[in-house]
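Below are the chains, spelled out letter by letter.
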Amino acid sequence: MARVLSLFRPQPFLAPFGKRKPLFRKMSLDSRARDVFAAAVEAVQPDIVVRRSIEHKEDSMIINGHKFPLKQNLHLVGFGKAVLGMAAEAERIIGDHLVRGVISVPHGIQQTLRQHGKNHLLLKENSRISVIEGAKHNLPDVDAQRAAEGINQLASELTEKDLLLVLISGGGSALLPAPIPPISLQEKLEVTRKLAAAGATIQELNTVRRALSLLKGGGLTRSAHPAQVVALILSDVIGDPLDLIASGPTVRSEMLPEEVLSILEHYKLLDSVPASVKEVLGRLSHRQEEKKMDKEERVVNVVIGSNSVALKSAGRRARELGFRPVVLSPGVCGNVKAVSRLYGLLARFACSPEEPPSEIVAEMLKLGPEIGLKSWDLYRTMQALTEGCTEGWGATCLLAGGEPTVELTGKGLGGRNQELALRVGLELRGLELPPNGPIFLSGGTDGQDGPTEAAGAFTDAGLSDEARAQGLNIDDFLYNNDSFTFFTRLSAGQRLLLPGLTCTNVMDVHMLIIPHNSQEK
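From a predicted model like this one, the values you see are computed outputs, not experimental measurements.

## A word on the nonpolar core
Membership of the largest hydrophobic core comes to 62 residues, with the highest contact counts inside it found for Ile54, Met61, Ile63, Leu76, Leu165, Met511 and Ile513. Considering every element that reaches this core, the biggest residue donor is helix H5 (residues 83–94), with eight residues. Residues within four places of Ile513 in sequence aside, it is in contact with Leu29, Ala33, Phe323, Ala395, Thr396, Cys397, Pro438 and Ile439.

## Focus: the pattern of salt bridges
Under the criterion given, the structure shown has 21 salt bridges. Where Asp96 meets Arg128, a salt bridge forms, and the shortest distance between an N and an O atom there is 3.8 Å. In this pair, Asp96 sits in the loop between H5 and strand E5 (98–106) while Arg128 sits in the loop between helix H6 (109–115) and strand E6 (129–134), placing the two residues 32 residues apart along the sequence. Owing to a relative accessible area of 55%, Asp96 belongs among the exposed residues under this scheme. Given the relative accessible area of 39%, Arg128 is considered partly exposed. Of the charged contacts, one joins Arg416 and Glu403 as a salt bridge, the two residues approaching to 3.1 Å between their closest N and O atoms. A residue pair is termed long-range when its members are at least 10 positions apart, and Arg416 in helix H18 (residues 416–427) and Glu403 in the loop between strand E11 (395–402) and H18 qualify at 13 residues. The class of Arg416 is partly exposed, set by a relative accessible area of 26%. Because the salt bridges share partners, they merge into one network encompassing Asp47, Arg51, Glu89 and Arg92.

## Some words on the side chain of Thr396
Turning to its location among the elements, Thr396 is positioned in strand E11. Reaching out from Thr396, the side chain makes a polar contact with the side chain of His516 at a distance of 3.3 Å. Sequence-distant contacts of Thr396, that is, excluding residues within four places in its chain, are made with Arg324, Val326, Leu385, Leu512, Ile513, Ile514 and His516.

## Looking at the pairing of strand E8 (residues 228–234)
Burial analysis of E8 places seven of its seven residues in the buried class, which makes it a mostly covered element. Burial of E8 is two-sided: the residues Gln228, Val230, Leu232 and Leu234 facing one way and the residues Val229, Ala231 and Ile233 facing the other way are all buried. Note that E8 and strand E9 (residues 299–305) share six bridges and pair parallel. Its bridge partner lying in E9, Leu234 is registered against Gly305.

## Regarding unusual backbone geometry
Cis rather than trans, the peptide bond between His225 and Pro226 has omega equal to 15°. Looking at the secondary structure, you find Pro226 in the loop between helix H10 (219–224) and E8. The residue after Pro434, namely Pro435, is reached through a cis peptide bond having omega 10°. On the secondary structure map, Pro435 appears in the loop between H18 and strand E12 (439–444). Positive phi is not limited to glycine here, since Lys268 has a value of about 55°. Along the chain, Lys268 falls in the loop between helix H11 (257–266) and helix H12 (275–282).

## Some remarks on the packing of aromatic side chains
Counted under the stated rule, the structure contains three aromatic pairs. Ring centres of Tyr343 and Phe440 lie 5.0 Å apart, and the angle between their planes is 40°; on these two criteria the pair is classed as tilted. Of this pair, Tyr343 sits in helix H15 (residues 336–351) while Phe440 sits in strand E12, placing them 97 residues apart in sequence. Note on Tyr343: relative accessible area 2%, which makes it buried. Aromatic side chains Phe486 and Phe487 sit 5.2 Å apart centroid to centroid with 80° between the ring planes, which places their arrangement in the edge-to-face category. In terms of burial, Phe486 and Phe487 fall into one category: buried.

## Overview of empty space enclosed by the protein
What the rule picks out here adds up to one cavity of 30 Å³ or more. Lining of the largest cavity is provided by Pro46, Lys81, Ala82, Leu84, Gly85, Ile109, Leu113, Leu121 and Cys503. For the lining of the largest cavity, the elements supplying multiple residues, two or more each, are H5 and H6. Grouping the constituent residues of the lining of the largest cavity by class yields seven nonpolar, one polar and one charged.

## Notes on the packing of helix H9 (residues 202–211) against H11
Each pair of packed helices can be described by the angle between their axes along with the distance between the axes. The interhelical angle for the contact between H9 and H11, taken along N-to-C directions, is 125°, at an axis separation of 10 Å. Viewed along their axes, H9 and H11 adopt a mutual orientation that is oblique. Once H9 is placed against H11, the crossing between them reads as left-handed. Residues Glu204, Thr207, Val208 and Ala211 of H9 form the contact with H11, whose participating residues are Glu259, Val260 and Ile263. Taken together, the residues of the contact of H9 with H11 sort by class into four nonpolar, one polar and two charged.

## Here we look at the packing of H15 against H18
Between H15 and H18, whose axes approach to 8 Å, the crossing angle comes to 45°. In terms of orientation, H15 and H18 fall into the oblique class. Helix-helix and strand crossings are classified by hand; for H15 and H18 the assignment is right-handed. Contacts between H15 and H18 pair Val336, Lys337, Val339, Ser340, Arg341, Tyr343, Gly344 and Arg348 from the former with Arg416, Glu419, Leu420, Arg423, Val424 and Glu427 from the latter. Within the contact of H15 with H18, the residues separate by chemical class into five nonpolar, two polar and seven charged.

## Some remarks on the environment of Thr396
On the accessibility criterion, Thr396 (1% relative accessible area) is buried. As for Thr396 and Glu453, which are separated by 57 residues in sequence, their C-alpha atoms are 29 Å apart.

## Quick word on the sheet that holds E9
Strand pairing within a sheet occurs via backbone hydrogen bonds; the two strands may be parallel or antiparallel. Taken in spatial order, the six strands make up an open sheet running E6-E5-E4-E7-E8-E9, and their pairing is parallel. The strands lining the two open edges of the sheet, one partner per strand, are E6 and E9. Averaged over neighbouring strand pairs, the angle between their axes works out to 15° when direction is ignored. Pairing between strand E7 (residues 163–168) and E8: six bridges, direction parallel. When the bridges of E8 are listed, Val166 appears paired with Ala231. Taken strand by strand, helix H4 (residues 46–53) contacts E8 and E9, and its axis lies near 130° from that of E9.

About the cut-offs
- Residues numbered from 1 in each chain as written.
- Predicted model: local features only at pLDDT ≥ 70, side-chain atom pairs only at ≥ 80, totals over all residues.
- Heavy atoms only, no water.
- Core = buried A, V, L, I, M, F, W, Y, C linked by side-chain atoms within 4.5 Å.
- Buried < 20%, exposed > 50% of the residue type's maximum accessible area, 1.4 Å probe, protein only.
- Helix = DSSP H or I, 4+ residues; strand = E, 2+ residues; numbered from the N terminus.
- Contact = heavy atoms within 4.5 Å.
- Salt bridge = Lys/Arg side-chain N within 4 Å of Asp/Glu carboxyl O.
- Polar contact = N/O pair within 3.5 Å; in protein donor to acceptor, adjacent residues only side chain to side chain.
- Pairing = 2+ DSSP bridges.
- Phe/Tyr/Trp six-rings, centres within 6.5 Å; stacked < 30°, edge-to-face > 60°.
- 1 Å grid on protein atoms, 1.4 Å probe; cavity = no way out; pocket = protein on both sides within 12 Å on 5 of 7 lines; lining within 4 Å.
- Points joined across faces, edges and corners; volume = space filled by probe spheres on them.
- Nonpolar A, V, L, I, M, F, W, Y, C, P; charged D, E, K, R; others polar.
- Axes fitted to C-alpha atoms, helices over the stretch in contact; angles between N-to-C directions.
- Parallel < 35°, antiparallel > 145°, perpendicular 65-115°, else oblique.
- Left-handed = near helix turned anticlockwise from the far one by under 90°.

Right under this line is the structure:
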């Protein structure tokens, strides 16, 4: 096994800088884990990612190496849950060069930010940006449609001398509903609802949505032509695919009517769609022929915040706190049962006093594709874990991100992060307790795991005994998907992760901290 792993030996990490500060040794593992999670969230704050991405130099705006002249010619639009803070920072940077703007943000967000003391994420009183709140309960509505119409009107009035700055974050699709006339919003929602109920994939749903929308699938770029378009994107999708984030309003996509009709026919919905939808699909070929000129030269898309950015910052903080950071992957997905099993196996692999059993390695490699992990990522991670304390680190901090799924079997209160932590706690049974044994943390960067006030939770090998001593049956809570209730009752909620409103979202952060002296009992 050692010979196999040696084939995948990565470049060595930097050696520690001198001796560890005693302060860090006195901090508990869970305190340091919370600190690392906070660093991940801080790195993808809406104002911070914009400030890091826009440079205003004399009469130019520099973004990702591109230089754009500013002559009171900048217009701004945005849509998404984090866009209000992004827009506030952009206006502070750009100043008087901003002519006007329209942003579509979640219902009640301004009041919520005020209540939580997040005034730095609000627009100034004399702002040139209009704010329209909509998409109550994260569903497209008439207010969001009104915002989309305002965004479309602003874009369509631009000239080749103008510059359109587009701000996009998670939740943007619901905040930018613009069905092609004569389709009504209700008709479009009904078509997508029926497709989802019939079992259509997310790719199929997005294909139909884009075909029926004025602004999705590059529609905003078409509307803004011939203006220069620059989009700054805060990604909440695994892999950061530009065409899927908010359904890709600044990413041109070819929409073939045959493909859309085939999807509707496959799910036996072609005969039941409204006449307005059939009319629009009949015009789709003509729409594709319009404006043959290449607009790609006038569009720049830049991902300025993502799960990878959060994990990189978490790694830096972990190193400062005395851990050796190792990033597994920012793309963990699949059922939480399989994900929790993988983390349990990694912990046992690292804690094995001798060469880890080959069965553990084989099971991990088998699980990998099921949860979005490549064999190379697992080999690289196993190699880092086998090196252990050879470089002088007290513990390894294994970091990952993504968005696993939960199979609903009950009606309890919880979320994927809390259920993942609960299941990992079961997987860690038999290992040593902290500070000599591993701990695991899972948290949503948006600060809200499911319909709860917690972002997630942390766990260790003592979870089962702790629950049993307090009369809590873990299996019952798992069957009812009631992880929040479980962690709330367990030791007065001390294991819950409660960061409050974070104003951002780049999916989840997973953390497995393994002291190098930990072993199986």
